[in-house]
Amino acid sequence: MKKCLTFQKFNRTLVCAWVMLFLIVAITLTVYAEETVILIRCADPRINDACTKLFNNEERPAVISNTGSIKYFLLGERLSDLRDQIRLLVHKFGVKKLILTNHTHCGFYKELALGEEAEVTDLRDAKKKLLESFPEVEVRNYLIDTETSAFTPVE
Ligand SMILES: [Zn+2]
């Protein structure tokens with residue numbers, strides 16, 4: 001009887017150990033299955049919803065946000081600043097994908113008397129320039145419709 005109890009106890013411990021091991025492996029796989037992607041966006045809160053739809057469940061975004069999105073970085077020496085930020089994130093998280101966005105009715109573009117056409121041109125321009133520095137990273141461009149939260153790929 002005593003032997004049997006000891007055996008049951010041992011068995012329970014073994015089952016617990018297997019369950020723990022399974023959980024550790026499952027959690028590790030989940031964490032490492034997530035891929036960090038870099039999202040560059042305007043700080044405008046009207047595009048918050050649209051931005052959450054730009055990546056899938058396995059992707060976690062490292063967000064670089066400012067007022068003016070792409071145009072902000074194309075002025076002055078800011079593009080080299082952006083390159084430094086991207087370089088750090090690529091190095092730290094092995095980022096393979098970069099998502100560049102602009103959005104319609106952006107206040108920053110409006111202040112410069114620029115509209116949608118300039119937003120699209122800037123996306124293409126920024127993509128080209130960033131690919132020169134990060135040829136191994138995939139760059140995707142999107143123009144977000146601020147009113148409907150729809151987004152259109154820009155090639
Ligand atoms: Zn904006």
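Numbers given to residues run from 1 along each chain, matching the order in which its sequence is written. Where totals are concerned, whole chains, interfaces and linings use all residues; where local detail is concerned, this predicted model gives features only for residues with pLDDT of at least 70, and gives and counts side-chain atom pairs only at 80 or more.

**Q** Honestly, the overall build of the protein chain in this entry has me stumped. Any pointers?
**A** A count of helical and extended segments in the protein chain gives six helices and five strands. Segments assigned H or I by DSSP are reported as helices when at least four residues long, segments assigned E as strands when at least two residues long, and all are numbered from the N terminus. Along the protein chain, helices and strands appear, N-terminal first, in the series α-β-α-β-α-α-β-α-α-β-β. Here the radius of gyration uses the C-alpha set of atoms, whereas the globule reference equals 2.2 Å times the residue count to the power 0.38. Taking 15 Å as the expected radius of gyration for a compact globule of 155 residues, we find that the protein chain reaches 23 Å, considerably beyond that expectation. Oriented by its inertia axes, the alpha-carbon framework of the protein chain measures out at about 90 × 35 × 25 Å. Burial is judged by counting other C-beta atoms within 10 Å of a residue's own C-beta: 20 or more means buried, 12 or fewer means exposed, and anything between counts as partly exposed, with every C-beta placed from the backbone. For the protein chain, buried positions account for 22% of its 155 residues. Taking contacts inside the protein chain between residues at least 6 apart in sequence as the whole, the part at least 24 apart equals 68%. Remark: residues whose backbone-derived C-beta atoms lie within 7 Å of one another are considered to be in contact.

**Q** Is there a simple way to think about the sheet that holds strand β1 (residues 35-42) in this case?
**A** Adjacent strands of a sheet pair through backbone hydrogen bonds, lying either parallel or antiparallel. Read from one edge to the other, the open sheet built from five strands follows the order β2-β1-β3-β4-β5, with strand pairing classed as mixed. One side of each edge strand has no neighbouring strand; the edge strands of this open sheet are β2 (59-66) and β5 (151-153). In this sheet, adjacent strand axes meet at a mean angle of 25° when their direction is disregarded. Only the stretch in contact is used when fitting a helix axis, every axis being a line fitted to C-alpha atoms; angles between N-to-C directions are given from 0 to 180 degrees. On top of the sheet, helix α6 (residues 116-133) reaches β3 (97-103) and β4 (138-144); it is set at about 170° to β4, its chief contact. Being paired, for any two strands, means DSSP has found at least two bridges between them.

**Q** Hey, could you run me through the nonpolar core in this one?
**A** Here is a general trend for soluble globular proteins: nonpolar side chains tend to be buried in one another's company. For our purposes the nonpolar core covers buried Ala, Val, Leu, Ile, Met, Phe, Trp, Tyr and Cys residues that link as a set through C-beta atoms within 7 Å. Judged by nonpolar contacts, the single largest core of 24 residues is most densely connected at Ile 38, Leu 39, Leu 98, Ile 99, Leu 100 and Ala 126. Only β1, α3 (69-74), α4 (78-93), β3, α5 (107-111), α6 and β4 provide two or more residues apiece to this core. Counting residues per element, this core draws most heavily on β1, at five residues.

**Q** Looking at this model, I keep getting lost on the pairing of β1. Mind explaining?
**A** Regular strands have side chains that alternate between both faces of the sheet. For β1, a buried count of six out of eight residues is recorded, marking the element as mostly surrounded by other parts of the structure. As paired elements, β1 and β2 share eight bridges and run parallel to each other. When the sheet's bridge partners are listed, Thr 36 is paired in β2 with Arg 60. Alignment of β1 against β3, held across four bridges, turns out to be parallel. Residue pairing for β3: Leu 39 is matched across the bridge by Ile 99.

**Q** Can you walk me through α4 in this structure?
**A** Given 3.6 residues to a turn, an α-helix orients residues that are three or four positions apart in the same direction. Given a helix with a known number of residues, its expected span is that number minus one, times 1.5 Å. In this model α4 runs 22 Å from its N-terminal to its C-terminal C-alpha over 16 residues, within 8% of the 22 Å that 1.5 Å per residue would give. With its phi angle positive at about 60°, Gly 94 sits one or two positions after the end of α4.

**Q** What am I meant to see in α6 here?
**A** Taking 1.5 Å of rise per residue, 18 residues should cover 26 Å, and α6 covers 26 Å from first to last C-alpha, within 8% of that figure. All of the buried residues along α6 are Glu 119, Asp 122, Leu 123, Ala 126 and Leu 130. Seen along its axis, α6 keeps its buried residues to an arc of 105°; they face one direction. Across α6 from its buried face, at more than 90 degrees, point the exposed residues Glu 117, Lys 128 and Glu 132. To obtain the arc, one takes the directions from the helix axis to the C-beta atoms.

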